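In case you want the letters, here they are:
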Amino acid sequence: MIRLLVLLIALYGLISCSSTQMSVHSDIDPDYDLWTYKTFNWGRKIDIEAGRNPLYYNELNDKRIKAAVNQELTARGYSFTESDPELIVHYHIIVDDRSVVRTEPYGYNYGPYWTTMKSNIYAYHEGTLIIDLMDKKSNNLIWRGWAVSVIDEVEEVDDLIKIAVGKIFKKFPKNKK
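Here the structure is a predicted model, which is why all the values come from computation and not from measurement.

*Asks:* Just give me the short version of the pairing of strand 6 (residues 141–151), but keep the residues and values in it.
*Replies:* Most of strand 6 sits out of view: 8 of its 11 residues are buried. For strand 1 (residues 22–28) and strand 6, the ladder comprises 7 bridges, and the chain directions are antiparallel. The residue of strand 6 that forms the bridge with Met22 is Ser149.

*Asks:* A description of the packing of aromatic side chains should follow, citing residues and the corresponding values.
*Replies:* All chains considered together, the criterion is met by 8 aromatic pairs. Ring centres 5.9 Å apart and planes at 85° place the aromatic pair Trp35 and Phe172 in the edge-to-face group. Here the residue Trp35 occupies a position in the loop between strand 1 and strand 2 (39–42), and Phe172 occupies one in the segment after helix 3 (157–170), the gap between them amounting to 137 residues. No difference in accessibility class separates Trp35 from Phe172, as the two residues are buried. Centre to centre, the rings of Phe40 and Phe80 are 5.6 Å apart; their planes meet at 75°, and the pair counts as edge-to-face. Placement of Phe40 in strand 2 and of Phe80 in strand 3 (residues 79–80) is noted, with a sequence separation of 40 residues between them. On the basis of relative accessibility, which here comes to 0%, the residue Phe40 falls in the buried class. By relative accessible area, which is 39% here, Phe80 ends up partly exposed. Among the aromatic residues, those joined into a cluster by ring pairs are Trp35, Tyr78, Trp143, Phe169 and Phe172.

Thresholds, definitions, all that
Residues numbered from 1 in each chain as written. Predicted model: local features only at pLDDT ≥ 70, side-chain atom pairs only at ≥ 80, totals over all residues. Heavy atoms only, no water. Buried < 20%, exposed > 50% of the residue type's maximum accessible area, 1.4 Å probe, protein only. Helix = DSSP H or I, 4+ residues; strand = E, 2+ residues; numbered from the N terminus. Pairing = 2+ DSSP bridges. Phe/Tyr/Trp six-rings, centres within 6.5 Å; stacked < 30°, edge-to-face > 60°.

Following this line, the structure appears as structure tokens:
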């Protein structure tokens with residue numbers, strides 16, 4: 001019975017650190033109605049990625065993010081345009097090194113203090129994808145959505161981007177009409 005309990009606790013620990021756990025949030029400026037806008041385009045590239053990790057800030061991820069966001073916006077009735085868009089879209093990627101300490105309640109070490117709790121330190125990468133929609137005329141941020149998740153392996157990035165963008169846009173305001 002004790003082994004089963006230890007196994008369940010270990011599985012819970014692994015699941016809680018997996019990329020399926022994603023925290024998603026959004027914020028909106030109430031002075032703007034997103035549904036009065038019809039067109040969008042991506043903001044010009046600036047040096048926001050200077051000094052960032054090229055494993056995450058690269059042309060491949062740029063295409064993945066833009067394709068996923070374009071799909072979400074067009075599904076909501078917005079049109080991509082090269083000339084005079086009403087909304088400007090930006091994204092940001094933040095990757096932080098994190099660690100968590102987990103103690104094993106039944107994994108005792110017999111050492112100088114007889115019974116001490118065994119601790120394991122797990123290191124992982126936490127990634128945040130931020131998507132901004134800005135009013136082109138005023139250059140004000142009017143909506144921001146972001147997702148935070150554990151990034152286990154670089155190979156997962158394609159699926160992780162699609163999932164993150166989809167979940168971010170689930171927080172997108174509904175049309176009031």
